[in-house]
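The lines below spell out each chain.
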Amino acid sequence: MIAERVAARDWPEISGRLDEDGWATIPGLLNRAECRSLAALYAEEAGFRSHVVMARHGFGRGEYRYFSYPLPPMVAALREAIYPRLVPTANRWMDRMGLPAHFPPDHRTFLARCHAAGQARPTPLLLRYGPGDHNRLHQDLYGHHVFPIQLAILLSCPETDFTGGEFVLTEQRPRMQTRAEIVPLGQGDGVLFAVSQRPGTGSRGSCRVTMRHGVSRVRTGLRHTLGLIFHDAA
Ligand SMILES: O=C(O)CCC(=O)C(=O)O
Ligand SMILES: [Fe+2]
């Protein structure tokens, strides 16, 4: 089901958006019931390898939990189905930036590479924000092996479950001020975005664009997200 749903998307269009902007939304990737059941996992004791209280690390305010292996079936299915769709873009980006990394066509092979290099801890996570919580701009780098695109899915419903809490992306280009963009997301929508660097075209030809992401302050209610990073952590 997840595989068919992912296959039905217009991947050439999504790749074009990623090349142009460094991010692309996938509207309605999960339905409301799926969002609810994933968000409900947050309260369960089992299934997670660690719990991070963001304020303790200067990451912002709010909390998140990394899943342990085996991942919940829906999370595993999303990771496996989406990765191969992103590989052509990821490899093109590496070429354009003159970086040697080359990503294999299936996720299992890429994970084996991460694990052999000591990056063996799963990175998919659930995040939870209440009133006043926010996520400071950051990059999800967890070791040498970095797949350059990641996915976040909004599990809560804006205006109904929470207010505020916008997904924010910034990009920095050489010799320019930082630009910020708010990504409009509804419940169940996914956003694909550059983890750290992507190729761009600047005034002097091609350049590297540095991206960061975060979440603006949640005003009211509770906001849950699922984060899917394709490399594992050291
Ligand atoms: O909560 C969000 O929308 C962003 C979560 C995040 O930082 C991530 O998925 O890597
Ligand atoms: Fe993140």
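Per chain, residue numbering runs from 1 following the sequence as it is written. Each chain is given a letter, starting from A, and each ligand a number, starting from 1, according to the order in which they appear as written. Only residues with pLDDT of 70 or above have their local features reported here, since the model is predicted, and side-chain atom pairs are shown and tallied only from 80 upward, although totals for entire chains, interfaces and linings are computed over all residues. To get the side-chain values, all heavy atoms of the structure are used, and hydrogens and water are removed first.

Describe in detail the overall build of the protein, supporting the description with residues and values.
If you tally the helices and strands in the protein, you get five helices and 15 strands. Against the 2.2 N^0.38 benchmark of 17 Å for 234 residues, the protein shows a C-alpha radius of gyration of 17 Å, consistent with a compact globule. Residue burial in the protein is summarised as follows: out of 234 residues, 50% are buried. We call two residues contacting when some pair of their heavy atoms lies within 4.5 Å. Once local pairs closer than 6 in sequence are excluded, the contacts in the protein between residues at least 24 apart make up 77%. Surface exposure of the protein reaches about 10,900 Å², of which carbon and sulfur atoms provide 53%. For the protein, the distance from the average position of its 28 positive side-chain charges to the average position of its 22 negative side-chain charges is 6 Å. Secondary structure follows DSSP: runs of H or I at least 4 residues long count as helices, runs of E at least 2 residues long count as strands, and numbering of each begins at the N terminus. Radius of gyration: over C-alpha atoms. The globule rule applied is 2.2 Å multiplied by the number of residues raised to the 0.38 power. For the exposure calls, accessible area comes from a 1.4 Å probe over protein chains only, and a residue counts as buried if that area is under 20% of its type's maximum, exposed if over 50%, partly exposed in between. Note on areas: these come from Shrake-Rupley sampling with a 1.4 Å probe, and a residue is covered only by the protein chains present in the view. Charged residues are defined here as Lys and Arg on the positive side and Asp and Glu on the negative side; His and the ends of the chain fall outside this count. Note on charges: their place is set at NZ of Lys, CZ of Arg, CG of Asp or CD of Glu.

A description of the pattern of salt bridges should follow, citing residues and the corresponding values.
Oppositely charged side chains can form a pair if their charged atoms are brought close together. One side-chain nitrogen of Lys or Arg within 4 Å of one carboxyl oxygen of Asp or Glu is enough to make a salt bridge. The final tally for this structure, using the stated rule, is nine salt bridges. Notably, a salt bridge pairs E13 with R17, separated by 3.6 Å at the nearest N-O pair. Note that E13 and R17 are positioned in helix 2 (residues 11-21) at a spacing of four residues, about one turn of the helix. On the accessibility criterion, E13 (42% relative accessible area) is partly exposed. By relative accessible area, R17 is classed as partly exposed at 39%. Between R92 and D19 there is a salt bridge; the shortest N-O distance is 2.6 Å. Here the residue R92 occupies a position in helix 4 (residues 73-96), and D19 occupies one in helix 2, the gap between them amounting to 73 residues. Overall, the relative accessible area of 30% leaves R92 in the partly exposed class. In this structure D19 comes out as partly exposed when scored by relative accessible area, which is 25%.

I'd love a proper account of unusual backbone geometry, names of residues and values included.
Here Y69 and P70 are connected by a cis peptide whose omega angle stands at -5 degrees. Summarising the element assignment, P70 is placed in the loop between strand 4 (63-67) and helix 4. At R175, a residue that is not glycine, the phi angle is positive and equals roughly 60 degrees. Mapped onto the elements, R175 comes out in the loop between strand 9 (167-172) and strand 10 (179-183). Residue class for R175 comes out exposed when judged on its relative accessible area of 57%.

Go over the site of ligand 1 with me, naming the residues and quoting the values.
What makes a residue near a molecule or strand is one non-hydrogen atom of that residue sitting within 4 Å of it. Lining the immediate environment of ligand 1, one finds 13 residues, of which Y129, D140, Q150, R223 and T225 sit closest. Pairing of N or O atoms within 3.5 Å defines a polar contact, subject to two protein rules: one partner must be a possible hydrogen donor and the other a possible acceptor, and residues neighboring in sequence count only if both atoms are side-chain atoms. A distance of 2.8 Å separates an oxygen atom of ligand 1 from a polar atom in the side chain of T225. Burial of ligand 1 by the surrounding chains reaches 98%, relative to a free accessible area of 300 Å². Elements that contribute at least two residues to the shell around ligand 1 include exactly strand 5 (125-129), strand 6 (134-138), strand 7 (149-154), strand 13 (205-215) and strand 15 (223-228). For this classification, Asp, Glu, Lys and Arg are treated as charged, while Ala, Val, Leu, Ile, Met, Phe, Trp, Tyr, Cys and Pro are nonpolar and the rest, including Gly, are polar. Among the residues forming the shell around ligand 1, the class breakdown is five nonpolar, six polar and two charged.

These figures come from the coordinates and say nothing about function on their own.
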